[in-house]
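The primary structure of each chain is shown beneath.
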Amino acid sequence: MKIVLDRPRCEGHGLCEEAAPRLMHLDDEGELVLDREEVYGADAALANAAARVCPVAALRVA
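Residues numbered from 1 in each chain as written. Predicted model: local features only at pLDDT ≥ 70, side-chain atom pairs only at ≥ 80, totals over all residues. Heavy atoms only, no water.

Engineer: For the nonpolar core, give the residues involved together with the corresponding values.
Structural biologist: Residues Ile 3, Leu 23, Met 24, Leu 32, Leu 34 and Leu 59 are the most contacted members of the largest nonpolar core, which totals 18 residues. At four residues, helix α2 (residues 42-53) tops the list of elements feeding residues into this core. In this structure Leu 34 touches Ile 3, Leu 5, Leu 23, Met 24 and Leu 59, once residues within four positions along its chain are discounted. (Core = buried A, V, L, I, M, F, W, Y, C linked by side-chain atoms within 4.5 Å. Buried < 20%, exposed > 50% of the residue type's maximum accessible area, 1.4 Å probe, protein only. Helix = DSSP H or I, 4+ residues; strand = E, 2+ residues; numbered from the N terminus. Contact = heavy atoms within 4.5 Å.)

Engineer: Quick rundown of unusual backbone geometry? Include the residues and the values.
Structural biologist: We note that Ala 57 has phi near 55 degrees; this positive angle belongs to a residue other than glycine. Among the structural elements, Ala 57 can be located in the loop between α2 and β4 (59-61). Relative accessible area serves as the criterion here: at 46%, Ala 57 is assigned to the partly exposed category.

Engineer: Mind laying out the side chain of Asp 43, listing which residues take part and the relevant values?
Structural biologist: In this structure, Asp 43 sits in helix α2. A distance of 2.6 Å separates a polar atom in the side chain of Asp 43 from a polar atom in the side chain of Arg 22. Setting aside residues no more than four positions away along its own chain, Asp 43 makes contact with Arg 22, Leu 23 and Arg 36. (Polar contact = N/O pair within 3.5 Å; in protein donor to acceptor, adjacent residues only side chain to side chain.)

Engineer: Give me empty space enclosed by the protein: which residues, what numbers.
Structural biologist: Summed over all chains, the structure comprises one cavity of 30 Å³ or more. As for the largest cavity, its lining consists of 14 residues, and the residues nearest its centre are Cys 10, Gly 12, His 13, Cys 16 and Cys 54. Along the lines of polarity and charge, the residues of the lining of the largest cavity split into 10 nonpolar, three polar and one charged. (1 Å grid on protein atoms, 1.4 Å probe; cavity = no way out; pocket = protein on both sides within 12 Å on 5 of 7 lines; lining within 4 Å. Points joined across faces, edges and corners; volume = space filled by probe spheres on them. Nonpolar A, V, L, I, M, F, W, Y, C, P; charged D, E, K, R; others polar.)

As structure tokens, this is what we get:
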């Protein structure tokens, strides 16, 4: 599975980072950085959780 980030939509709330800290982080400017785009198994579940908590729907898992 792949995590897809809609960068223009992302507002840097950080809720996704809290849900999946081993997959993504906010950089020094508050921009979301995907540490891994390809995810499997338990990491796919974390990616889905991160996508669900994003208040602006900037993340999806395909």
